[in-house]
Amino acid sequence: MTPDQLRLLTELHPRQILGLADAPDYWCPQIRDTRGGGTPTDPEWHAAGLWRKTYTWGIAITTPGDYMEERGITAPEHAVTLTWRQITAWADGLPEERRTAARHARMSIHASDEAIAATVLFAPAVAEGEELTLW
């Protein structure tokens, strides 16, 4: 995924992100069928007057006005797109321990657990045996 596609993914609610990481075969259709959208939280996209829109093929940051959901994935109005297949590939590529942590956090009763776990999903993975140095 590109950095902009990851930014788009972070526009979703933490519970949705955790669900996609844990069970994309369930959560992709769930998000697709609810046809959600909204004002992006990303300051750059917000300032540009863009909108997050859900389509049958995926999600996009796009210009307002597609009320009949007629725009295809290659429409010039989209700033960034992300297909359900790309989201599923992202989830399948996550290390199993991150997917398990996402499942546990999603089932937690504490919303703060969801937000923290969703943030951890996007942190770079550290190779086994590699040490991190704090300066």
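Residues numbered from 1 in each chain as written. Predicted model: local features only at pLDDT ≥ 70, side-chain atom pairs only at ≥ 80, totals over all residues. Heavy atoms only, no water.

Caption draft 1: Broad picture of helix H7 (residues 111-121). All of the buried residues along H7 are Glu114, Ala117, Ala118 and Leu121. Buried residues of H7 fall within an arc of 105° about the axis and therefore sit on the same side. In H7, the exposed residues that point more than 90 degrees away from the buried face are Ile116 and Thr119. Looking at the packing, one finds that the buried side of H7 touches helix H2 (14-22), helix H5 (84-93) and helix H6 (96-106). (Buried < 20%, exposed > 50% of the residue type's maximum accessible area, 1.4 Å probe, protein only. Helix = DSSP H or I, 4+ residues; strand = E, 2+ residues; numbered from the N terminus. Arc of directions from axis to C-beta. Contact = heavy atoms within 4.5 Å.)

Caption draft 2: Up close: the environment of Thr100. In this structure, Thr100 sits in helix H6. Take Thr100: its relative accessible area is 25%, and that puts it in the partly exposed class.

Caption draft 3: Spotlight on the packing of aromatic side chains. Following the criterion strictly, the structure yields three aromatic pairs and no others. Judged by centre distance (5.7 Å) and plane angle (80°), the ring pair of Tyr26 and Trp27 falls under edge-to-face. In this structure Trp27 comes out as buried when scored by relative accessible area, which is 13%. A ring pair is formed by Tyr55 and Trp57, whose centres lie 4.8 Å apart and whose planes are at 10°; its orientation type is stacked. You can call Tyr55 buried: its relative accessible area is 1%. Geometry around Trp45 places Arg7 over its ring, the cationic atom sitting 4.0 Å from the centre. (Phe/Tyr/Trp six-rings, centres within 6.5 Å; stacked < 30°, edge-to-face > 60°. Lys NZ or Arg CZ within 6 Å of the ring centre and 35° of its normal.)

Caption draft 4: Highlighting the side chain of Ser108. In this structure, Ser108 sits in the loop between H6 and H7. Ignoring anything within four residues of it in the chain, the contact list for Ser108 reads Arg15 and Asp113.

Caption draft 5: The arrangement of the packing of helix H3 (residues 24-34) against H5 in detail. Interhelical geometry of H3 versus H5 gives an angle of 150° and a closest axis separation of 10 Å. With respect to their mutual orientation, H3 and H5 come out roughly antiparallel. Regarding H3 and H5, the two cross each other, and that crossing is right-handed. Contact residues: Pro24, Asp25, Cys28, Ile31 and Arg32 in H3; Trp84, Ile87, Thr88, Ala91 and Asp92 in H5. (Axes fitted to C-alpha atoms, helices over the stretch in contact; angles between N-to-C directions. Parallel < 35°, antiparallel > 145°, perpendicular 65-115°, else oblique. Left-handed = near helix turned anticlockwise from the far one by under 90°.)

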